[in-house]
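# An overview of the molecular structure
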Amino acid sequence: MSDPLRPPVSAFKAPIVMRPNRVVTIERFILDQQGVQPEATGPLSEVLYDIALTAKLIAREVNKAGLVDILGETGDTNVHDEYVQKLDEFADDCFIKTFDHGGRLCIMASEEHDEPIPIPPKFTCGDYVLLFDPLDGSSNIDVNVTVGSIFSVYKRKNDFGGAGTMEDLLRKGSEQLAAGYVAYGSSTMLVYTTGKGVHAFTLDPGIGEFLLSEPAVQIPLPGRKIYSCNEGYRQLLFPSTRRLIDHMQTPDENGKTYSSRYVGSMVADIHRTLLYGGLFMYPATETTPNGKLRLLYEANPMALVIEQAGGMASTGSHRILDIEANDLHQRVPLYMGSKRDVELAIRFESGTD
Ligand code: P6P
């Protein structure tokens, strides 16, 4: 008969600790990639390490945004009488202060700055170029919706060193050496490609490390029938785009229509499209003939990720990665996701359907 005052021995067994399967940090993964990908050189690896560091710094603030009053307007002070920045300015500062002295970059450009960001003269210039949207979708923070950072990395155009120029920034997306995004959501995920597949990492806040969660991400085939578009603009859309949406809303031979999903945060909508398939679209409208999203630090990096995952990324008539850039903040209509769905969009937008 067990003694109620003496719990059974089994109660004293060591707690069951989940044995982690092979833990691969992003640093280890990047180092291993150097072995299999010659162009993934040491300095480029350093840039990727610093992307991961920047993401951790931003994640820490984004995740406590609801707790500490740091959503205030610039110039306020919080309960600790600390200077308060809006989160998008904080995120922008994180990128600039992480990269301006590392000697890897020769120039930067940010969605938050009209002009290019030079490397301060006191620091050495390197061979790489970084363009970024530090906190895309930041207006969604107040309602706890996933937001993200988007980044694009090039090798400088000329190799005579010194400060980079606008010529180093205005590039075709097909020349990107690395690109990706960080999704600050229920977990913080970093997804990137260096042209040899797409790799996803999840931040373990307990140890402050990005751990490999999915190597070689591929958009599923045939992919879920989901389209993602802000249909509030329906009356402003061109007839071809309205016909495309009507087609996706029409039951197929099995009586199935597409589902509509739209977060309004590009990183969230693209991340879902990457993992489930479907079509993310931000088309041209009568009032925005080039759409809203920016070529250099939104469309191009996301297009490289989507193509590397087996999908497609088009303006509706041209491959996004082939677009010549002539302005730092130029906009471009975009349709990206599963090949089946982007090809459908191209058929409607080019009038062949
Ligand atoms: P709309 C967020 O403001 C953003 O830049 C992207 O993240 C998002 O895809 C798009 O704009 C949403 O724009 O016009 O639908 O609110």
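Described below are features of the structure shown in this document. What you are looking at is a predicted structure, and each value in this text was computed from that prediction instead of being measured.

Take the overall build of the protein chain next. Secondary structure assignment for the protein chain yields 8 helices and 13 strands. By residue count, 48% of the 353 residues in the protein chain fall in the buried class. Within the protein chain, contacts between residues at least 6 apart in sequence are counted, and of these 62% link residues at least 24 apart. Surface exposure of the protein chain reaches about 17,200 Å², of which carbon and sulfur atoms provide 53%.

Here strand 11 (residues 279-282) shows no split at all, with Leu279 and Met281 on one side and Phe280 and Tyr282 on the other all buried. Pairing between strand 9 (residues 226-228) and strand 11: 2 bridges, direction parallel. Bridge pairing links Ser228 to Phe280 in strand 11. Pairing geometry for strand 11 and strand 13 (residues 334-337), over 4 bridges, is antiparallel. Considered in strand 13, the bridge of Leu279 is made with Gly337.

Next up on the list: the environment of Val305. Turning to its location among the elements, Val305 is positioned in helix 7 (residues 295-308). When the C-alpha positions of Val305 and Thr193 are compared, they lie 6.1 Å apart, and in sequence the two are 112 residues distant. The contact partners of Val305, leaving out residues within four places of it in the chain, are Ala179, Gly180, Tyr181, Val191, Thr193, Val198 and Leu274.

Before going further, it helps to examine unusual backbone geometry. Cis geometry is adopted by the peptide bond preceding Pro222, which originates at Leu221 and carries an omega value of -5 degrees. Positive phi values are uncommon outside glycine, yet Asn144 reaches one of about 60 degrees. Note that Asn144 resides in the loop between strand 3 (128-136) and strand 4 (147-155). Despite not being glycine, Ala216 has its phi angle at roughly 55 degrees, a positive value. Within the fold, Ala216 resides in the loop between strand 8 (209-214) and strand 9.

One way to put it is that helix 2 (residues 42-64) packs onto helix 3 (residues 87-99) with a least axis distance of 9 Å and a crossing angle of 150 degrees. Comparing their axes, helix 3 and helix 2 come out roughly antiparallel. Seen along the crossing, helix 2 lies across helix 3 with a hand that is right-handed. Residues Val47, Asp50, Ile51, Leu53, Thr54, Leu57, Ile58, Glu61 and Val62 of helix 2 pack against Leu87, Phe90, Ala91, Cys94, Phe95, Thr98 and Phe99 of helix 3. Residue composition of the contact of helix 2 with helix 3, grouped by class: 12 nonpolar, 2 polar and 2 charged.

One number sums up the size of the largest pocket: a volume of about 440 Å³. If you go around the largest pocket, you meet 25 residues; those closest to its centre are Asp136, Gly137, Gly264, Lys292 and Leu293. Of all the secondary structure elements, the ones that give two or more residues to the lining of the largest pocket are strand 3, helix 6 (266-276), strand 11 and helix 7. No other element matches the 3 residues that strand 3 contributes to the lining of the largest pocket.

Another aspect to go through is the sheet that holds strand 13. Taken in spatial order, the 5 strands line up as 10-9-11-13-12 in an open sheet, and their pairing is mixed. Lying at the two open borders of the sheet, with one neighbouring strand each, are strand 10 (259-260) and strand 12 (312-314). Note: strand 12 against strand 13, 3 bridges, orientation antiparallel. When the bridges of strand 13 are listed, Met312 appears paired with Gly337. Sitting on the sheet, helix 5 (residues 239-248) is in contact with strand 9, strand 11 and strand 13, with an inclination near 155 degrees to strand 11. Sheet strands in contact with helix 7 are strand 12 and strand 13, and its direction is about 30 degrees off that of strand 13.

As a further point, take the nonpolar core. Counting residues in hydrophobic clusters, the biggest one holds 43 residues, and the most contacted among them are Leu131, Tyr181, Leu274, Leu334 and Met336. Tallying contributions element by element places helix 7 first for this core, with 9 residues. Core analysis: the next-biggest nonpolar cluster, separate from the first, contains 41 residues, Ala52, Ala91, Phe95 and Leu130 among them.

On to helix 8 (residues 339-349), then. Asp341, Val342, Leu344, Ala345 and Phe348 are the residues of helix 8 that are buried. Mapping the buried residues of helix 8 onto a view down its axis gives an arc of 155 degrees, with all of them on the same face. Close packing links the buried residues of helix 8 with helix 5, strand 11, strand 12 and strand 13. Two residues or fewer after helix 8 comes Gly351, characterised by a positive phi angle close to 80 degrees.

Each value, and the rule that gives it
- Residues numbered from 1 in each chain as written.
- Predicted model: local features only at pLDDT ≥ 70, side-chain atom pairs only at ≥ 80, totals over all residues.
- Heavy atoms only, no water.
- Helix = DSSP H or I, 4+ residues; strand = E, 2+ residues; numbered from the N terminus.
- Buried < 20%, exposed > 50% of the residue type's maximum accessible area, 1.4 Å probe, protein only.
- Contact = heavy atoms within 4.5 Å.
- Areas by Shrake-Rupley, 256 points an atom, 1.4 Å probe, with all protein chains shown as cover.
- Pairing = 2+ DSSP bridges.
- Axes fitted to C-alpha atoms, helices over the stretch in contact; angles between N-to-C directions.
- Parallel < 35°, antiparallel > 145°, perpendicular 65-115°, else oblique.
- Left-handed = near helix turned anticlockwise from the far one by under 90°.
- Nonpolar A, V, L, I, M, F, W, Y, C, P; charged D, E, K, R; others polar.
- 1 Å grid on protein atoms, 1.4 Å probe; cavity = no way out; pocket = protein on both sides within 12 Å on 5 of 7 lines; lining within 4 Å.
- Points joined across faces, edges and corners; volume = space filled by probe spheres on them.
- Core = buried A, V, L, I, M, F, W, Y, C linked by side-chain atoms within 4.5 Å.
- Arc of directions from axis to C-beta.

The values are spatial; any link to function lies outside them.
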